[in-house]
Amino acid sequence: MALHEFAVSSTLKYGHKGTDTLEYIGLTLKNGCFERSKLYHLAKNDFEVHEGWRKEIFERWLKRICENYEAKICDFSEAGTIYTPTYRMILQLRNFFSMETAEKLISEEFPDVPSDITDKCIRCMKALKEGLGMQESPLMQVGIELDADMKFKSFKYYLCVEKTKLPKEKLAEAMVSFAEAAGVCIDTGRMDRLIRDVCTCWYRPTFIGVNDGAEETEAKLYFISEIFGHALKTKPAGQTERISEILGFDKGLTEELMTAWEQAHLYSQGVAVTFGDPSVLRLYLRELQEAYFR
């Protein structure tokens, strides 16, 4: 199925006209061309969570954290193929914690995650907190990814960058110690240019996402759209076109694709750039609320 068809059919099935559980349509691009897609679903009711693989992940891995740390399910997703699926569930923490509380959560609530991975997470939190000059731990979301056999595949966590008082021009340098702790590469000059370029397209840097598995560690810097209010009626299409030019999406974002997204009332609310691999970028499409396209 072509990507524009996938986006439109997914929106009809899970968007406002369907189950109303669609959070994002995630699209991965490599060297400007689309590689894969992923659907992110909101957990809107008990049925969504307490059924099938979602129930197994929640009961075994995440229920205690919701009870002990005032967390709630943020989203869940299924990726891969019908033969090799992967299952993912993420919790949103209601508050930012002290480093002591955040360390306790990571070290005690995930006994089945290899200790070298949880230890690395704690080092990353400390390094980013210090680099950004934050008072609290930057931990904002945490979750798990399992393979087709419901075995551990990767540990996922998201660290806030937008609570810092540092200007955007200082962010790349401030993240160097985080990258060293995570074991990922960072070209400070390139990251600085990317941050500046993406911010010219009406986005702002918001958090770092880490996907830490047994074989590799992937870290991404996420940006969120600053378009809001009445501007959502006119600016999203221009923003998508502008970000495609800045980041070199020209091979992937055809006129047909962008027209299909616009007709499905989708816009690129999020963008992510990958530490250490400038060829891999991500778009996160969100459906506009009905009020904006009546």
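Residues numbered from 1 in each chain as written. Predicted model: local features only at pLDDT ≥ 70, side-chain atom pairs only at ≥ 80, totals over all residues. Heavy atoms only, no water.

A. Broad picture of the sheet that holds strand E6 (residues 152-160). The 10 strands lie next to each other as E1-E2-E3-E4-E5-E6-E7-E8-E9-E10, forming a closed barrel whose pairing is antiparallel. Taken pair by pair, the neighbouring strands of this sheet meet at an average axis angle of 25°, ignoring direction. Relative to strand E2 (residues 33-42), strand E1 (residues 22-30) is paired through eight bridges, and the arrangement is antiparallel. Counterpart to glycine 26 in the pairing with E2 is lysine 38. The sheet contacts of helix H5 (residues 115-132) involve strand E5 (139-146), E6, strand E7 (203-213) and strand E8 (217-225), and relative to E6 the element is tilted by about 15°. (Pairing = 2+ DSSP bridges. Helix = DSSP H or I, 4+ residues; strand = E, 2+ residues; numbered from the N terminus. Axes fitted to C-alpha atoms, helices over the stretch in contact; angles between N-to-C directions. Contact = heavy atoms within 4.5 Å.)

B. Highlighting the packing of aromatic side chains. If you walk through the whole model with that rule in mind, you get 13 aromatic pairs. Look at phenylalanine 155 and tyrosine 157: their rings are 5.7 Å apart centre to centre, the planes differ by 45°, and that puts the pair in the tilted class. Across this residue pair, the class does not change: phenylalanine 155 and tyrosine 157 are buried. A network of ring pairs unites the aromatic residues Tyr24, Tyr40, Tyr158, Phe207, Tyr222 and Tyr284 as a single cluster. Its end group placed over the ring of tryptophan 53, arginine 54 keeps NZ or CZ at 5.6 Å from the ring centre. Above the face of the tyrosine 24 ring, arginine 286 is positioned so that its terminal group lies 5.0 Å from the ring centre. (Phe/Tyr/Trp six-rings, centres within 6.5 Å; stacked < 30°, edge-to-face > 60°. Buried < 20%, exposed > 50% of the residue type's maximum accessible area, 1.4 Å probe, protein only. Lys NZ or Arg CZ within 6 Å of the ring centre and 35° of its normal.)

C. Expanded view of the packing of helix H4 (residues 99-108) against H5. It is at 9 Å that the axes of H4 and H5 come closest, and there the two elements cross at 160°. Compared by their axis directions, H4 and H5 come out roughly antiparallel. Considering the relative orientation of H4 and H5, their crossing is right-handed. Contact residues: Met99, Ala102, Glu103, Ile106 and Ser107 in H4; Thr118, Cys121, Ile122, Met125, Lys126 and Lys129 in H5. Taken together, the residues of the contact of H4 with H5 break down into six nonpolar, two polar and three charged. (Parallel < 35°, antiparallel > 145°, perpendicular 65-115°, else oblique. Left-handed = near helix turned anticlockwise from the far one by under 90°. Nonpolar A, V, L, I, M, F, W, Y, C, P; charged D, E, K, R; others polar.)

D. Quick look at the side chain of lysine 156. Residue position: lysine 156 is located in strand E6. Notably, lysine 156 is buried but unbridged: the nearest opposite-charge side chain belongs to glutamate 145, and the N-O separation is 4.4 Å. Side-chain polar atoms of lysine 156 contact the side chain of asparagine 211, separated by 3.4 Å. Every residue in contact with lysine 156, bar those within four places of it in the chain, is listed here: Arg88, Ile90, Gln141, Val142, Gly143, Glu145, Val210 and Asn211. (Lys, Arg positive; Asp, Glu negative; His and termini not counted. Salt bridge = Lys/Arg side-chain N within 4 Å of Asp/Glu carboxyl O. Polar contact = N/O pair within 3.5 Å; in protein donor to acceptor, adjacent residues only side chain to side chain.)

E. Examining the pairing of strand E3 (residues 71-80) more closely. The element E3 is extensively covered by neighbouring structure, given that seven of its 10 residues are classed as buried. Pairing between E2 and E3: four bridges, direction antiparallel. Of the residues in E3, the one forming a bridge with leucine 42 is aspartate 75. As paired elements, E3 and strand E4 (residues 85-93) share nine bridges and run antiparallel to each other. Residue glycine 80 lies in a different strand from E4, and its bridge partner there is proline 85. Where E3 folds back on E4, the antiparallel hairpin that results is connected by four residues.

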